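What follows is the residue order along each chain.
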Amino acid sequence: MDINIRTKAWPAYIFLILTLAVVLAACSDSGHGEDGTAAPTATAAPTESPPHPTSTPAQAPTEESMPAATPTSTSAPAPDPTSPPAVTGAYYPLEIVDMLGRAVEIPAKPTRIVSISPTATEMLYAAGGTAIARDSSSIFPAETANLPELGGAYSPSFEAIAAQGADLILIEALSQGRFLEPLSQLGPPVVAVRAASLDDVTTGIRLIGQIIEGEEIAEQAAEEIATRVSVSTEDLAEGQSALILISDADRNLYVAKPQSYPGAIASLLKLSNPAADLPDSGTFPGFAQISAEQLLIMDPDFLFTITPAPEPAPRLSATLPRIPGFSSLRAITSGRMHEIDHVIFLRNQGPRIAEAVEAMAEIVGSAP
C-alpha cells in the first residue's frame, strides 16, 4: 500500500522540483548580468551622455587684462565686444570675435594660414603657428623669408592669395579693414588683429592661439611680453614730455598721438604727449600733422624721430636741426633728440613691442 502511494506521488514531486528550478533560474537571470554584476531594474532611467563641449567665443579687445579662468558652463555665451577674447580649449567649429568686433566661424583647425600683415605674421609665430605665404613686409621671424610673397601689406594680390588654398587669412584691423570684402569672397575665414597698444598685442596673440589650439604657447608669449615691458618701465620717473615725429615725401611733419603704436609706447614709459589733442591726419593711423610753430610752442623734453625711407635717405634727426628755429628746441640743445628704428616702432607693430619699449626706456633712463 505504501509503495503504491509513493509511486503515485512521485510525478508530483518531480513537477515541484522542476518548477522550483525554473523560478530560481529566472530570479538569477533578472538580478545579475553575464559578468555577475547586478543588472539594472526595468524602472531605472538610462544614464544620459554628457553634452559635447562647446568652445567659448572670443570677445573683442579692451584695455582690461585678460581673464585668468575659463568658464565651466558648456553653453557658449553671446559675444560681448567689450571684453577680450576668452582663451579656452578650441573645439571646431569655433566662433570667435576678432579685433574688428566681427563674429567669425573657424570650421576646422587651420593648417594653411596666409598672413598679409607684419603685425599678424609676428603674432601668429609668437602663438606657435606658421604661415604658408606672407606679404612682402613680413620678414620676421627669419623662417618667413622663404615663404611666397603675396604683394605688399597695402597692396596685396588677391589672385595670389586665392591660389594658396588657404583655410585662414590674417589681416591687420586698422590698415587693412578695407580689404575685408574682396578677401571674404575667397572663401576662407578672415580674422583681423591689431597692435595699437600693449593690450592689443597680448590680446591678438591670445586670440590667434585660441584659433590654432596654441593657447599655452600664446599665453606664455603674452606674459613674457607684459613682464618685459613692466620691468623696463617700473623705475622711470613721471613728469617728462616727448614727441615722436615722422616726415613724408613732401617734408610735412607728423606727430604720433597716444592712440598710435609709437605713441602708446611713449605712454608706457610715463611720458606725456603735448600733441594728444591734435586731430588725426596723414597716412598713419593715430598721427597728426604738426606745424613748426606748434612744435616750437610744445617744446618737449624728448624728441624721437622716425625715418621710414631706407638709407641712404637722410635721417630726420639729422635734417630737423637744420630747419630755422628748430635748433633752439630744448630736446635738441640738451641732446635728447634720438632717431628710433622704424621697423619696431612703426612698420612691424606687434610682439616686438617689448623690444621697442626696452630701447626707448634705455634712452629715457640714461638721459642727462
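What you are looking at is a predicted structure, and each value in this text was computed from that prediction instead of being measured. (Residues numbered from 1 in each chain as written. Predicted model: local features only at pLDDT ≥ 70, side-chain atom pairs only at ≥ 80, totals over all residues. Heavy atoms only, no water.)

Novice: Just to check I follow, could you spell out the overall build of the protein for this structure?
Specialist: When its secondary structure is counted, the protein shows 13 helices and twelve strands. A total of 368 residues make up the protein; the buried ones form 45% of that total. Taking the intrachain contacts of the protein between residues at least 6 apart in sequence as the baseline, contacts between residues at least 24 apart amount to 61%. Of the roughly 18800 Å² that the protein leaves accessible, carbon and sulfur atoms contribute 57%. (Helix = DSSP H or I, 4+ residues; strand = E, 2+ residues; numbered from the N terminus. Buried < 20%, exposed > 50% of the residue type's maximum accessible area, 1.4 Å probe, protein only. Contact = heavy atoms within 4.5 Å. Areas by Shrake-Rupley, 256 points an atom, 1.4 Å probe, with all protein chains shown as cover.)

Novice: Got a minute to help me understand the packing of aromatic side chains in this structure?
Specialist: What describes a pair of aromatic rings is the distance from one ring centre to the other and the angle between the planes of the rings. According to the stated counting rule, one finds two aromatic pairs in the structure shown. Taken together, a centroid distance of 5.9 Å and an interplanar angle of 70 degrees make the contact between Phe-158 and Phe-179 edge-to-face. On the criterion of sequence distance, the pair formed by Phe-158 in helix H3 (residues 158-162) and Phe-179 in the loop between helix H4 (173-176) and helix H5 (180-184) is long-range, its members being 21 residues apart. Residue classification places Phe-158 among the partly exposed residues on the basis of a relative accessible area of 28%. Classification of Phe-179 as buried rests on a relative accessible area of 8%. Measuring from centroid to centroid gives 6.0 Å for Phe-302 and Phe-304, while their planes differ by 10 degrees, and the two rings are stacked. (Phe/Tyr/Trp six-rings, centres within 6.5 Å; stacked < 30°, edge-to-face > 60°.)

Novice: Quick question: what am I supposed to make of the sheet that holds strand E3 (residues 113-115) here?
Specialist: Within a sheet, neighbouring strands are paired by backbone hydrogen bonds and run either parallel or antiparallel to one another. Read from one edge to the other, the open sheet built from four strands follows the order E4-E3-E5-E6, with strand pairing classed as parallel. Bordering the open sheet on either side are strand E4 (133-134) and strand E6 (190-193), each of which pairs with just one other strand. Packed on one face of the sheet, helix H2 (residues 118-126) meets E3, strand E5 (168-172) and E6 and runs near 125 degrees to E5. Contacts between helix H6 (residues 198-211) and the sheet are confined to E5 and E6, with E6 contributing the most and set at about 155 degrees to the helix. (Pairing = 2+ DSSP bridges. Axes fitted to C-alpha atoms, helices over the stretch in contact; angles between N-to-C directions.)

Novice: I would appreciate a short explanation of the pattern of salt bridges in the present structure.
Specialist: The final tally for this structure, using the stated rule, is nine salt bridges. In this structure, Arg-194 engages Asp-200 in a salt bridge whose closest nitrogen and oxygen atoms are separated by 2.9 Å. (Salt bridge = Lys/Arg side-chain N within 4 Å of Asp/Glu carboxyl O.)

Novice: I keep staring at the environment of Val-97 and nothing clicks. Help me out?
Specialist: In this structure, Val-97 sits in strand E1 (residues 94-97). For the pair formed by Val-97 and Val-191, sequence separation is 94 residues and the distance between their alpha carbons is 8.6 Å.

Novice: Looking at this structure, I do not really get the environment of Ile-225. What am I missing?
Specialist: Among the secondary structure elements, Ile-225 is positioned in helix H7 (residues 215-233). Distance in space between the C-alpha atoms of Ile-225 and Val-201 is 8.9 Å, their sequence separation being 24 residues. Residues within four places of Ile-225 in sequence aside, it is in contact with Leu-198, Val-201, Ile-205, Pro-351, Ile-353 and Ala-354.

Novice: It is not clear to me how the confidence of the model for the protein should be interpreted in this structure. Could you clarify?
Specialist: Regions with low pLDDT should not have their predicted coordinates read in detail. Residues of the protein with pLDDT of at least 70 account for 76%, and the chain-wide mean is 80. Confidence over residues 1-83 falls short of pLDDT 50; this stretch has 83 contacts with residues more than four positions distant or in other chains. In the predicted structure, residues 86-90 sits below a pLDDT of 50 and forms 20 contacts with residues beyond four places in sequence or in another chain. (pLDDT = per-residue confidence, 0-100.)

Novice: I keep staring at helix H13 (residues 353-365) and nothing clicks. Help me out?
Specialist: Each turn of an α-helix holds 3.6 residues, which means side chains three or four residues apart point in the same direction. End to end, H13 covers 18 Å across 13 residues, agreeing with the expected 18 Å (1.5 Å per residue, within 8%). The complete set of buried residues in H13 reads Ile-353, Ala-354, Ala-356, Val-357, Met-360, Ala-361, Ile-363 and Val-364. (Expected span 1.5 Å × (residues − 1).)

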